[in-house]
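As a plain string of letters, each chain reads:
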Amino acid sequence: MEELRTLVIYDIENDRIRLRISETCLDYGLARIQFSAFLGSLNRNKREELFLKLSSILDDNAGKILLQPICHKDVKDTLLKENSKANEAVAV
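The notes below deal with the structure included here.

Details of the pairing of strand 3 (residues 37–43)
In step 1: Most of strand 3 sits out of view: 6 of its 7 residues are buried.
In step 2: In the sheet, strand 2 (residues 31–34) pairs with strand 3 via 3 bridges, with the strands oriented antiparallel. Bridging across to strand 3, R32 finds its partner in F38.
In step 3: Taking the residues between adjacent antiparallel strands as the criterion, strand 2 and strand 3 are bridged by 2 residues.

Written out as structure tokens, the structure reads:
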């Protein structure tokens, strides 16, 4: 099954829930690219599984979660400018 780059972004008020969301994204091998944004490659089954887990964690609490697959053409056309204090690069 084909893997696509997958972007997960969220806006969640509750610190405990936000932490659980970020830990779950890391468990799926996604890399943090912003405080509330993760990126990595997942196949369709893993994307659906991850979304169900994240939705379950959020439950009825205030917040939003977006899980967006990105096709290969769009990944190829991605532009990134990043400056960091430690000169660490994030692979896109």
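Brief notes about the packing of aromatic side chains
In step 1: Per the counting criterion, the structure on display carries 1 aromatic pair.
In step 2: Centre to centre, the rings of Y10 and F38 are 6.3 Å apart; their planes meet at 15°, and the pair counts as stacked. Here Y10, found in strand 1 (residues 3–12), pairs with F38, found in strand 3; they are 28 residues apart in sequence, far enough to count as distant.
In step 3: Its relative accessible area of 0% is what places F38 among the buried residues.

Some words on the pairing of strand 1
In step 1: Alignment of strand 1 against strand 3, held across 7 bridges, turns out to be antiparallel. Residue pairing across strands places V8 opposite F38, the latter belonging to strand 3.
In step 2: The sheet contact formed by strand 1 and strand 4 (residues 63–70) spans 8 bridges and is antiparallel. Each residue of the ladder has a partner; that of T6, found in strand 4, is P69.

Quick word on the sheet that holds strand 4
Within a sheet, adjacent strands bond to each other through the backbone by hydrogen bonds, running parallel or antiparallel.
In step 1: Overall, antiparallel pairing links the 4 strands, which are arranged 2-3-1-4 in an open sheet. Whereas interior strands pair on both sides, the edge strands pair on one side only; in this sheet they are strand 2 and strand 4. Strand-to-strand twist of the sheet, defined as the mean angle between neighbouring strand axes without regard to direction, takes the value 30°.
In step 2: In the packing of helix 2 (residues 44–58) onto the sheet, contacts are made with strand 1, strand 3 and strand 4, and the angle to strand 4 comes to roughly 175°.

Focus: the pattern of salt bridges
In step 1: Applying the stated criterion across every chain yields a total of 4 salt bridges.
In step 2: Across the salt bridge formed by D15 and R18, the nearest N and O atoms sit 2.2 Å from each other. Placement of the pair is D15 and R18 together in helix 1 (residues 15–27), with a separation of 3 residues, close to one helical turn.
In step 3: A relative accessible area of 26% places R18 in the partly exposed class.

A few points about the packing of helix 1 against helix 2
Each pair of packed helices can be summarised by the angle the axes make with each other and by the distance between the axes.
In step 1: Remark: helix 1 packs on helix 2, axes separated minimally by 9 Å, with the N-to-C direction vectors making an angle of 165°. The pairing of helix 1 with helix 2 is recorded here as roughly antiparallel in orientation. Considering how the two elements wind past one another, helix 1 and helix 2 form a crossing that is right-handed. Within the contact between the two elements, helix 1 uses I17, R20, I21, T24 and C25 and helix 2 uses L50, K53, L54, I57 and L58.
In step 2: Across the contact of helix 1 with helix 2, the residue classes tally to 7 nonpolar, 1 polar and 2 charged.

Calculation rules
Residues numbered from 1 in each chain as written. Predicted model: local features only at pLDDT ≥ 70, side-chain atom pairs only at ≥ 80, totals over all residues. Heavy atoms only, no water. Buried < 20%, exposed > 50% of the residue type's maximum accessible area, 1.4 Å probe, protein only. Helix = DSSP H or I, 4+ residues; strand = E, 2+ residues; numbered from the N terminus. Pairing = 2+ DSSP bridges. Phe/Tyr/Trp six-rings, centres within 6.5 Å; stacked < 30°, edge-to-face > 60°. Axes fitted to C-alpha atoms, helices over the stretch in contact; angles between N-to-C directions. Contact = heavy atoms within 4.5 Å. Salt bridge = Lys/Arg side-chain N within 4 Å of Asp/Glu carboxyl O. Parallel < 35°, antiparallel > 145°, perpendicular 65-115°, else oblique. Left-handed = near helix turned anticlockwise from the far one by under 90°. Nonpolar A, V, L, I, M, F, W, Y, C, P; charged D, E, K, R; others polar.

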